[in-house]
Amino acid sequence: MENINSDERHIFSVLVENRFGVLARVAGLFSGRGFNIDSLNVAETHDESISQMTLVTHGDAQIIEQIYQHLNRLIDVIEVTDLTTGTHVERELVLIKLSAEPHERAEILQVAEIFRARVVDVKPTSLTLEITGDEGKLNAAIEVLDIYGILELARTGKIAMLRGVND
Amino acid sequence: MNQSPFSNALQTTELSGARSLVESLKREGVEYIFGVNGGAAMPIFDALYGETDIKLIPMRHEQGCSHAADGYARATGKVGVALATSGPGATNLVTGIATAYMDSIPMVAITGQVFTHYIGSDAFQECDVIGVTRPICKHSYLIKSSDEVADVVAEAFHIARTGKPGPVVIDIAKDAQMKEAPYHYPASVDIRSYKPQVHGDPGQIAKAAELIKQAKRPMLYAGGGVVLADASAELRELTLKTGIPITVTLMGLGAFPETHPLAMEMPGMHGSCCANYAFTDSDLVVAIGARFDDRVTGDLGKFAPNAKKIHIDIDASCIGKNVLIDVPIVGDAKSVLTELNKQVGRADIDAWRAQIQEWKQKYPFEYEQKGDKVMPQYVIEQIYEHYSDAIVVADVGQHQMWAAQYFKFTEPRQWLNSGGLGTMGFSLPAAIGAQLGCPDKTVVNINGDGSYIMTIQELVPAITLKLPLKIFIINNMYLGMVRQWQELFHGKRYSAVDYHDNPDFAMLAQAFGATGLRVEHVEDVRPALQKAKGIDDGPVVIDFIVAEEENVFPMVPAGAGLGDVIRGLS
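Reading guide: rules and limits
Residues numbered from 1 in each chain as written. Chains lettered and ligands numbered in written order. Predicted model: local features only at pLDDT ≥ 70, side-chain atom pairs only at ≥ 80, totals over all residues. Heavy atoms only, no water. Helix = DSSP H or I, 4+ residues; strand = E, 2+ residues; numbered from the N terminus. Buried < 20%, exposed > 50% of the residue type's maximum accessible area, 1.4 Å probe, protein only. Domains from an automatic or database assignment. Contact = heavy atoms within 4.5 Å. Buried area = accessible area lost by both parts, 1.4 Å probe. Salt bridge = Lys/Arg side-chain N within 4 Å of Asp/Glu carboxyl O. 1 Å grid on protein atoms, 1.4 Å probe; cavity = no way out; pocket = protein on both sides within 12 Å on 5 of 7 lines; lining within 4 Å. Points joined across faces, edges and corners; volume = space filled by probe spheres on them. Nonpolar A, V, L, I, M, F, W, Y, C, P; charged D, E, K, R; others polar. Pairing = 2+ DSSP bridges. Axes fitted to C-alpha atoms, helices over the stretch in contact; angles between N-to-C directions.

**Quick word on the environment of Gly164(A)**
All names here are of chain A.
- If you trace the backbone, Gly164 turns up in the segment after strand S9 (159-162).
- Gly164 gets classed as exposed once you look at its relative accessible area, which sits at 65%.
- For the pair formed by Gly164 and Leu83, sequence separation is 81 residues and the distance between their alpha carbons is 12 Å.

**A word on the domain arrangement of chain A**
All names here are of chain A.
- Per the domain assignment, the segments of chain A are domain 1 (8-85) and domain 2 (89-162).
- Here the C-alpha centroids of domain 1 and domain 2 sit 29 Å apart.
- At the junction of the two partners, domain 1 supplies nine residues and domain 2 supplies nine residues.
- In total, about 690 Å² of surface goes out of reach between domain 1 and domain 2, with carbon and sulfur atoms giving 59% of it.
- Of all residues in domain 1, the largest losses of buried area upon contact with domain 2 belong to Arg9, Asn41 and Leu83, amounting jointly to 54% of the total for that side.
- Between domain 1 and domain 2 we count two salt bridges in total.

**Some thoughts on the layout of surface pockets**
Residues and elements named next belong to chain A.
- Volume-wise, the second largest pocket comes out at about 560 Å³.
- Looking at the second largest pocket, it is lined by 21 residues, and the ones nearest its centre are Ser13, Leu15, Gln52, Ala160 and Met161.
- Residue contributions to the lining of the second largest pocket peak at four residues, all from S9.
- Taken together, the residues that form the lining of the second largest pocket break down as nine nonpolar, nine polar and three charged.
- For the lining of the second largest pocket, the domains that each give at least three residues are domain 1 (8-85) and domain 2 (89-162).

**Thoughts on the sheet that holds strand S12 (residues 308-313) of chain B**
Residue and element names in this part refer to chain B.
- Taken together, five strands build an open sheet; the order of strands is S10-S9-S11-S12-S13 and the sheet is parallel. In this open sheet, the two edge strands, each paired with only one partner strand, are strand S10 (246-248) and strand S13 (327-330). Sheet twist, expressed as the mean angle between neighbouring strand axes with direction ignored, is 15°.
- Here strand S11 (residues 284-288) runs beside S12; their pairing, made up of five bridges, is parallel. Across the sheet, Leu284 pairs through a bridge with Lys308, a residue of S12.
- Running over the sheet, helix H8 (residues 202-214) touches S11, S12 and S13 and is turned about 135° from S13.

Below, the structure written as structure tokens:
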């Protein structure tokens with residue numbers, strides 16, 4: 001028998017009641033059952049009674065199915081969508097504070113331009129950039145900018161959405 | 001004095017949160033609340049004082065409250081209610097909540113909480129009960145304002161009893177119990193994020209029916225879900241209509257009569273050889289409200305290797321969790337079986353049925369009489385002979401397995417035990433709940449010497465309530481099941497299992513105020529059981545001193561396949 005152990009990354013969009021303790025229920029489900037969370041992002045939607053969680057996880061097909069079912073089983077979970085089953089857009093945002101002496105600034109700004117980064121703060125010896133994009137773009141930007149010395153970095157989890165109009 | 005404030009149909013009466021709670025519990029048809037009083041729950045107990053529609057049953061330990069509520073729920077199918085104070089009161093409920101959760105028992109556990117302005121301050125008797133119980137309950141609520149009470153109670157009962165049933169925790173801050181607010185009980189509950197699937201997919205059911213028609217060696221494998229769904233009649237119809245042999249798990253015992261020729265009895269670690277061999281040889285396993293627990297399947301790699309699998313379960317997350325399933329059917333067992341029964345006929349499997357009969361006859365549950373010892377299996381056989389119609393509440397350990405093997409259950413809800421969590425100490429308080437819920441039935445508690453003493457304090461309310469419980473202790477002076485494993489797998493190194501320092505349980509029963517008998521000789525077993533029948537004004541405790549080192553067989557060692565069962569004898 002061929003051993004197929006395809007560990008795949010999945011992004012779940014989870015709509016939940018915007019209520020006390022919901023995040024703990026979702027996080028507790030993952031820790032209690034030994035599932036992985038790579039990143040988790042939570043925020044209110046346009047309907048203030050509903051929050052949207054974007055949850056990145058990985059596992060083989062059986063684990064992913066279990067994660068889907070167990071999320072659905074939580075009373076406060078309204079809807080679970082595995083975005084990786086359809087074409088979707090995913091974005092992250094990163095804030096990067098760089099060491100930037102006055103003579104380096106122009107060069108850094110050129111690099112920033114390539115990644116469509118925005119300068120959100122400048123100080124005599126530092127510079128803070130904001131970059132949005134998918135995981136690959138952000139990783140590439142971080143790699144290049146690290147040459148100048150990253151002092152601090154804050155990165156959101158992923159948010160994602162299916163393309164086109166939902167039924 | 002105790003008239004409902006709604007007797008005049010005043011819909012907007014102002015009530016304290018505690019009064020609202022009691023009123024709401026009445027609306028849900030609650031008959032009994034099992035409670036232990038304490039600081040942060042005092043307003044609720046005050047609201048229950050003198051209450052006649054709901055009877056408050058004071059237990060002696062909060063663990064007794066949750067087990068009694070659980071036993072009531074298992075015996076009646078209704079939602080059991082436990083009540084405790086904050087902090088230690090709530091943490092003491094936890095074992096009983098976890099027990100109910102593992103076996104999907106409908107329960108509402110209510111805990112007092114410190115004043116809202118103290119929450120998070122490490123106040124006296126404060127504990128994050130919602131946090132502690134999160135992984136062991138179906139859902140939970142923290143009530144911080146009295147106007148939330150009615151809606152929360154209505155939702156909690158709805159969630160506890162529908163879908164896959166389970167315990168729901170309601171934690172109420174003390175100020176929310178005391179403050180008054182307008183009271184209105186919702187006429188119905190609609191939770192947008194909670195819509196259990198009751199009816200199975202017709203296409204899947206048709207596929208299942210087709211597989212059943214084609215199978216040459218099919219078997220039914222039914223579990224506690226059949227009992228929970230009150231689908232015993234539908235299960236019987238399926239079995240009798242198709243003539244397919246059936247095994248019923250520890251949690252489902254009684255869902256199909258074990259006295260019937262098609263019954264292969266319980267499967268798994270201490271199950272019948274017949275059921276285990278059937279799994280190994282079968283070409284189609286139809287699982288109904290059973291969850292392929294490790295104690296049933298043994299080594300998953302060797303479990304039913306040649307069988308296609310149909311799995312009917314209300315909980316989609318249960319399907320495919322342990323075993324790959326060919327035809328999953330999410331739905332309520334009663335509804336799905338009703339549809340399936342319309343599409344199946346008599347199975348043409350005479351050779352397979354003959355094989356099953358051969359195994360049944362060749363490998364029955366059996367034991368050897370050792371000297372003049374009272375054999376524990378003999379005691380169970382005699383209990384069955386004397387109390388075959390009784391509700392049997394077992395604890396956890398060797399006596400539980402012997403009871404499951406040698407008592408032949410014929411009705412659902414006749415056998416109550418902590419199958420999933422395996423909670424020692426469950427049975428005495430659960431028997432109290434069962435007896436209150438079923439006053440016309442005889443309730444037999446089969447206990448072990450280790451488990452009995454874990455919740456022995458609940459003998460007090462049993463006596464006070466004059467409950468005619470038959471408490472039979474299978475006393476082998478050991479933590480027997482662990483001792484058996486030590487004998488077989490740890491070179492007889494009997495670490496922390498020697499219970500020869502047990503008290504004299506008969507004398508102890510008398511000290512509590514119950515009838516206590518001690519049986520040390522085989523010839524005294526029947527007269528003692530006969531005598532117990534005549535005692536109906538309170539509990540009777542019989543301490544059966546049995547063979548000390550008797551083992552439970554058959555046994556599938558942990559990690560082995562079902563085909564590798566050790567039969568024990570011959």
